[in-house]
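Given next are the chains, with one letter for each unit.
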Amino acid sequence: MTVLIKTRKAGLILVMQERNKVAGDKLQQSYEDVPYAHLSYPQTHPDRLGMLATIMGMQPAPVTDCRVLELGCAVGGNIIPMAYGLPESRFMGIDFSPGQIKVGQNTIDSLGLKNVNLIQADILSLSEDIGEFDYIIAHGVYSWTPEPVRERLMQICKENLAPDGVAYVSFNAYPGWRMQGTMRDMMLYHTRHIEKPRDRLEKAQNLIGFLAKSVNVKDQYGVFLNAYTSLLNVYNQFDIQRRRNVQEDEFGLLHDDLEEVNDAFYFHEVVEHASRHGLQYLIDADFSKSMISNLKQETAETLLNMSKNVIALEQYMDFLRNCNFRQILLCHKEIDVNRLVKADESWLSKLYAASHARPVTDKINIQDNSNLKIQSTDDAEFSTDHPVTKAALIYLFRSSPKSISLAELLDEVVQGIHNKESAFPDKTAIESDTLILLDNLLSAFSINIKLVELRLYEPPYTTTASEKPLASRIAQWQAQHGLAKVTNLRHEMLDLLHLSGFLLPYLNGENDRDALLKIMHELVQQEAVTLTDKDGQVTDEETIHNILKQELEKNLQWLGRVALLES
Ligand SMILES: C[S@@+](CC[C@H](N)C(=O)[O-])C[C@H]1O[C@@H](n2cnc3c(N)ncnc32)[C@H](O)[C@@H]1O
């Protein structure tokens, strides 16, 4: 009798293991057939993880000298630019797809990077011996792998994380994913007999396009279908419409919605999973998402009354926002996390700030009590009447995209408000202003990182092109390989502007402006670049020369503004 039960159980486990193996094999093959795109994510960068850990009271490893592990690194689109930008830090990427690891390794070899190692291995069979890491990143993995892999992923986040380390895990979240999941179900049904990935994507898009056109655009379903169609169009631009040299092997986002495995979870479920492995929730990588202060006061109070702890609170906030994707940070259970984040003077020596938001107040007066309002590119706003903060925001705006150490920022702006030359500086007023400034910077950052960005270090880039301009070698490589987007030295992905994509590979520090102009002329002669004006194609030599000269300066200035140039 006992033997019978045992056999049955073992049989069930075997069947499940076999199913998982088949799912795993199919998954691996799908990334072999269609590798993931080269994508970089600033929210996974050790600078972002370390900065958030710092303001939550932890003492994470310095970004410029740390150890980073990325699970499911694909072709290395995230980890390789990180390694390039942080030459003293060490990076290891794991992926079970041999084809993707080979692409990544070729990139590393051609850039000559010595601080990054890509390993072809299954997360399931990864041994603990891979070492200890200060930052562990698993972006786009948890929802896209079967349960045993998710289990091992959490184990690795526990076993291989340094005591003050931070792990990043992203996943598709309920309740928002429910609606997106129905789109996936319909697309899977519609493409169930189609093998070729491109055909599947096209057919899936056709179905959604047809549905979106055929339902009432004003009803709830119509609104959702149309929004989803726009999302699919973005995918399309990203991967199919390459600027030039369309590359089969970078056709990636197909995996996100049509992949064999794609499970969503409630926030609290993943946090509970982490907790079973001795990890605790730290904060969302999108800090503003965790901030109850961003809600209307009445809503915030009701949610606070409903929630007995921070996990419940954030779960209710997900219900409120119909959240469909989460990027959570985890740390060891034993860490005493400071959940009431308050501006702290110790930040002066640890943090940097940047602001890319523009002042939208007509007449700016720093000294009086009038308000200064700043607005981000996505319309988030912050206003203050505090003179030192106003001066700091203006200073940051003028220095953008550069970030400034908080100590330096304070030094720059406090001087104008409190006469530092005075024999008797008002120390109490300066101390009070310092705290108000830090508090205001934190408030703006809490609303939206595009208003005020906090960092742990300032990446080395220059905003002005030198005599022989030098661009980031990562971006040179990406442009050479025809990628539509490149990674800048702040780890952001950018669409290339004007002729920058053609220019980038030649910005190697060896060509002066005359040489660059000659190269641009050659590109026009070879018809790689066509110049047009209102009357059609420009053929007159002198006009071509003048346009190219202007374009060269315009492009160099733009490359400087978007952190793509090195000194
Ligand atoms: C959706 S992609 C995300 C890629 C990348 N992290 C990103 O977000 O751009 C998932 C990646 O995980 C890898 N992967 C899936 N299951 C894995 C496993 N069991 N072991 C190692 N890698 C795995 C896939 O090959 C693929 O490159």
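Cut-offs applied
Residues numbered from 1 in each chain as written. Predicted model: local features only at pLDDT ≥ 70, side-chain atom pairs only at ≥ 80, totals over all residues. Heavy atoms only, no water. Helix = DSSP H or I, 4+ residues; strand = E, 2+ residues; numbered from the N terminus. Rg over C-alpha atoms; globule rule 2.2 N^0.38 Å. Contact = heavy atoms within 4.5 Å. Domains from an automatic or database assignment. Buried < 20%, exposed > 50% of the residue type's maximum accessible area, 1.4 Å probe, protein only. Polar contact = N/O pair within 3.5 Å; in protein donor to acceptor, adjacent residues only side chain to side chain. Salt bridge = Lys/Arg side-chain N within 4 Å of Asp/Glu carboxyl O. Pairing = 2+ DSSP bridges. pLDDT = per-residue confidence, 0-100. Near = heavy atom within 4 Å. Areas by Shrake-Rupley, 256 points an atom, 1.4 Å probe, with all protein chains shown as cover. Nonpolar A, V, L, I, M, F, W, Y, C, P; charged D, E, K, R; others polar. Core = buried A, V, L, I, M, F, W, Y, C linked by side-chain atoms within 4.5 Å. Phe/Tyr/Trp six-rings, centres within 6.5 Å; stacked < 30°, edge-to-face > 60°. Lys NZ or Arg CZ within 6 Å of the ring centre and 35° of its normal. Expected span 1.5 Å × (residues − 1). Arc of directions from axis to C-beta.

1. Some remarks on the overall build of the protein chain
Alright, step 1. When helices and strands are counted, the protein chain shows 19 helices and 20 strands.
Alright, step 2. On C-alpha atoms alone, the protein chain measures out to a radius of gyration of 26 Å, which is about the 24 Å that the 2.2 N^0.38 rule sets for 567 residues.
Alright, step 3. Taking the principal axes of its C-alpha atoms as reference, the protein chain extends roughly 95 × 65 × 55 Å.
Alright, step 4. In the protein chain, the proportion of contacts linking residues at least 24 apart, taken out of those at least 6 apart, comes to 75%.

2. Focus on the domain arrangement of the protein chain
Alright, step 1. By domain assignment, the protein chain separates into domain 1 (42-175 + 266-332), domain 2 (180-246), domain 3 (351-455) and domain 4 (470-566).
Alright, step 2. A C-alpha centroid distance of 35 Å is found between domain 3 and domain 4.

3. Let's talk about the side chain of Ser376
Alright, step 1. Within the secondary structure, Ser376 is located in the loop between β11 (372-375) and β12 (381-384).
Alright, step 2. Exposure remark for Ser376: the relative accessible area of 4% places this residue in the buried category.
Alright, step 3. Within the structure, the side chain of Ser376 is placed 2.5 Å from the side chain of Asp378, a separation counted as a polar contact.
Alright, step 4. If near-sequence neighbours (up to four positions away) are discounted, Ser376 is found in contact with Ala357, Asn448, Lys450 and Leu451.

4. A closer look at the pattern of salt bridges
Alright, step 1. Within the structure shown, the criterion is met by 22 salt bridges.
Alright, step 2. The salt bridge involving Glu551 is made with Lys554; its shortest N-O contact spans 3.2 Å. Of the two residues, Glu551 and Lys554 are both situated in helix α19 (residues 541-561); the distance of 3 residues between them amounts to about one turn of the helix.
Alright, step 3. When its relative accessible area of 15% is taken as the criterion, Glu551 is described as buried.
Alright, step 4. Here the residues in one salt-bridge network are Asp47, Glu453, Arg455, Arg490 and Glu492, joined through shared partners.

5. Details of the sheet that holds β12
Alright, step 1. Spatial ordering of the open sheet is given by β10-β11-β12, a layout of 3 strands whose pairing is antiparallel. The sheet is open, and its two edges are formed by β10 (358-359) and β12, each paired on a single side.

6. Points about the confidence of the model for the protein chain
Low pLDDT marks regions whose predicted coordinates should not be analysed in detail.
Alright, step 1. Summing up the model confidence of the protein chain, the mean pLDDT is 88 and the portion of residues at 70 or higher is 91%.
Alright, step 2. Considering only residues more than four positions removed or in separate chains, one finds that residues 1-16, a stretch of pLDDT under 50, has 0 contacts.

7. Overview of the side chain of Ser405
Alright, step 1. Here Ser405 lies in strand β13 (residues 404-405).
Alright, step 2. With residues up to four places along the chain from it excluded, the contact list for Ser405 reads Leu351 and Tyr352.

8. Overview of the site of the ligand
Alright, step 1. The local shell around the ligand holds 16 residues, among which Tyr41, Gly72, Asp95, Asp122 and His139 are the closest.
Alright, step 2. Backbone polar atom of Phe96 to a nitrogen atom of the ligand: 3.2 Å apart, as the coordinates give it.
Alright, step 3. At 2.8 Å, a backbone N or O of His139 approaches a nitrogen atom of the ligand.
Alright, step 4. About the coverage of the ligand: the protein hides 98% of its 600 Å² of free accessible area.
Alright, step 5. Residue classes in the shell around the ligand are distributed as 8 nonpolar, 6 polar and 2 charged.

9. A few points about the nonpolar core
Alright, step 1. Within the largest apolar cluster, 78 residues are counted, with the highest numbers of intra-cluster contacts made by Ile55, Leu282, Phe287, Leu329, Leu406 and Phe445.
Alright, step 2. Among the elements that take part in this core, helix α15 (residues 427-447) stands out by supplying 7 residues, more than any other.
Alright, step 3. Look past the residues within four positions of Leu282 in its chain and what remains in contact with it is Ala53, Met56, Met58, Val166, Leu329, Leu330, Cys331, Val337 and Arg339.
Alright, step 4. Cys157, Val169, Leu279 and Cys323 belong to the second largest nonpolar core, which has 33 residues in total.

10. Here's the deal with unusual backbone geometry
Alright, step 1. For the peptide bond that leads from Tyr174 to Pro175, omega is 10°, which places it in the cis range.
Alright, step 2. Here Pro175 shows up in the loop between β5 (161-173) and α6 (177-190).
Alright, step 3. Look at Glu527: it is not a glycine, yet its phi comes out positive at around 65°.
Alright, step 4. With respect to the element layout, Glu527 can be found in the loop between α18 (513-525) and β18 (532-533).
Alright, step 5. Judged by relative accessible area, which is 60%, Glu527 ranks as exposed.
Alright, step 6. Unusually for a residue other than glycine, Ala563 sits at a positive phi of about 65°.
Alright, step 7. Position of Ala563 relative to the elements: it lies in the loop between α19 and β20 (565-566).
Alright, step 8. Taking relative accessible area as the criterion, Ala563 reaches 0% and is therefore assigned buried.

11. Overview of the sheet that holds strand β9 (residues 352-354)
Adjacent strands of a sheet pair through backbone hydrogen bonds, lying either parallel or antiparallel.
Alright, step 1. Judged by pairing direction, the sheet is antiparallel, and its 3 strands sit side by side in the order β13-β9-β14 without closing on themselves. Only two strands of the sheet have a single neighbouring strand rather than two, namely β13 and β14 (453-455).

12. Some details on the environment of Met317
Alright, step 1. Locating Met317 in the fold gives a position in helix α12 (residues 310-321).
Alright, step 2. Here Met317 falls in the buried class, since its relative accessible area comes to 1%.
Alright, step 3. Considering only alpha carbons, one finds Met317 and Leu39, 278 residues apart in sequence, at a separation of 29 Å.

13. Quick word on the packing of aromatic side chains
Alright, step 1. Inspection of every chain in the model, using the stated rule, returns 8 aromatic pairs.
Alright, step 2. When the ring of Phe224 is compared with that of Tyr228, the centres are 6.4 Å apart and the planes differ by 15°; the resulting orientation is stacked. A residue pair is termed a helical-turn pair when its members lie 3 or 4 positions apart in one helix, as Phe224 and Tyr228 do in helix α8 (residues 220-239) at 4 residues.
Alright, step 3. In this structure Phe224 comes out as partly exposed when scored by relative accessible area, which is 22%.
Alright, step 4. Tyr228 sits in the buried class, given a relative accessible area of 2%.
Alright, step 5. Here a set of aromatic residues connected by ring pairs shows up, and it is made of Tyr174, Tyr266, Tyr316 and Phe319.
Alright, step 6. It is Arg326 that lies over the ring of Phe267; its NZ or CZ is 4.2 Å from the centre.
Alright, step 7. Sitting over the ring of Tyr461, Lys402 keeps its end group 4.3 Å from the ring centre.

14. Section: α6
Each α-helix winds once per 3.6 residues, and so residues spaced three or four apart point in a common direction.
Alright, step 1. Its 14 residues place the ends of α6 20 Å apart at the C-alpha level, agreeing with the 20 Å of an ideal helix rising 1.5 Å per residue.
Alright, step 2. Of the positions making up α6, those classed as buried are Trp177, Gln180, Gly181, Met183, Arg184 and Met187. All buried residues of α6 fall inside an arc of 155° around its axis, so they share one side.

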